[in-house]
Protein chains: 2
Amino acid sequence: MKYGIAFFPSKELQDLANSYRMRYDPHYALIPPHITLKNPFEAENEELKTITDKLHDISKNHSSIPLNIVKVSSFYPVNNVIYLKIELNSELLNLHSALNSGFFHDNSDYQFVPHITIGQSLSDDEHSDVLGQLRMSKVQHKETIDRFHLLYQLENGSWTVYETFQLGKDC
Amino acid sequence: MKYGIAFFPSKELQDLANSYRMRYDPHYALIPPHITLKNPFEAENEELKTITDKLHDISKNHSSIPLNIVKVSSFYPVNNVIYLKIELNSELLNLHSALNSGFFHDNSDYQFVPHITIGQSLSDDEHSDVLGQLRMSKVQHKETIDRFHLLYQLENGSWTVYETFQLGKDC
């Protein structure tokens, strides 16, 4: 089964992201707006208990994370993903490191750039147009994240939450 | 904010339900296949801590639930919802009662009929055709449910998981 680890920002921020995603992101219906903490990875059912135990250890040993959206940006020319850029801070970096080292070995090809995708799979022309428009909108937002989720993917590509992990708590 | 309480069955059962939902359920993209335990209700942000505390109490005091799908059925003539019918058992009934009494007062107009919706908003003719076909398919499935989720609704109608509650566990 394919698993992923992510957190969902507040309803307010998800609603904002969806106002863009509904137009520019074909993954709009597959998962709510999210910040990926660990790229999708394969695991067997028998490994699930070990995985959730390790995630509880990690969540217990990390505290809430300040989330600061600073602007709209893009991964162009690597790809045409347009995203809300999240300021990297030590709390977020530490949590990401814990989820991508040791037992949870690193399965990413790129450096960690925390973001909420709001557009993807656009043609070069669309990408350039949309990015130009969105860069003019002042997107600034602050909140605090206190939990993350382990999700698994269904055959239709959508994601279901398996379990929540609260930062700084035993469960 | 609008909240709901539901559980998601196994990936296998979700995939089966989605194979019907993609054709017959316009809510297909808004939430994964699920069993509703408490109808949507409004709550303020300030009430959230009390709600999750109460839900932890309830989950701790209930144990895993046998889930037995027995057939395809319909709520016709009340409405045109087609669903996978779940056998009612005492564990499921007790959990539903706890989530619809006391602090969580009953906000349902109907008796509890546990089900996974696989079709809705069909015309009378479509409903009759689809139900006739699906009734011939032998849908029988057993599994065990060990958790439920508190979800909230976004402005686009989709649902995001806020927290998981494991049956028989402190968290």
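Here is a short report on the structure shown in this document. (Residues numbered from 1 in each chain as written. Chains lettered and ligands numbered in written order. Predicted model: local features only at pLDDT ≥ 70, side-chain atom pairs only at ≥ 80, totals over all residues. Heavy atoms only, no water.)

## Things to note about the nonpolar core
Phe148(A), Leu150(A), Phe148(B) and Leu150(B) are the most contacted members of the largest nonpolar core, which has 98 residues in total. Non-local contacts of Phe148(A), meaning those with residues more than four positions away in its chain, are made with Ile5(A), Ala6(A), Phe7(A), Leu37(A), Leu55(A), Ser59(A), Leu95(A), Leu99(A), Glu163(A), Thr164(A), Phe165(A) and Leu167(A). (Core = buried A, V, L, I, M, F, W, Y, C linked by side-chain atoms within 4.5 Å. Buried < 20%, exposed > 50% of the residue type's maximum accessible area, 1.4 Å probe, protein only. Contact = heavy atoms within 4.5 Å.)

## What to know about the pattern of salt bridges
Inspection of every chain in the model, using the stated rule, returns 13 salt bridges over all chains. When the shortest N-O distance is used, the salt bridge between Asp53(A) and Lys49(A) registers 2.8 Å. On the criterion of helical spacing, the pair formed by Asp53(A) and Lys49(A) is a turn pair, its members being four residues apart in helix 2 (residues 48–60). Given the relative accessible area of 35%, Asp53(A) is considered partly exposed. Asp146(A) is the partner of Arg147(A) in a salt bridge, and the nearest nitrogen-oxygen pair spans 2.9 Å. For Asp146(A), a relative accessible area of 31% translates into the label partly exposed. Look at the salt bridges and you will find they share partners, linking Lys11(A), Asp15(A) and Glu155(B) into a network. (Salt bridge = Lys/Arg side-chain N within 4 Å of Asp/Glu carboxyl O. Helix = DSSP H or I, 4+ residues; strand = E, 2+ residues; numbered from the N terminus.)

## Topic: the packing of aromatic side chains
Applying the stated criterion across every chain yields a total of twelve aromatic pairs over all chains. Centroid distance Phe103(A) to Phe104(A): 4.8 Å. Interplanar angle 90°. Geometry classified as edge-to-face. Overall, the relative accessible area of 39% leaves Phe103(A) in the partly exposed class. Following the ring pairs from residue to residue traces out a cluster consisting of Tyr3(A), Phe41(A), Tyr152(A) and Tyr162(A). The ring of Tyr162(A) has Arg147(B) lying over it, and the distance from NZ or CZ to the ring centre is 3.9 Å. (Phe/Tyr/Trp six-rings, centres within 6.5 Å; stacked < 30°, edge-to-face > 60°. Lys NZ or Arg CZ within 6 Å of the ring centre and 35° of its normal.)

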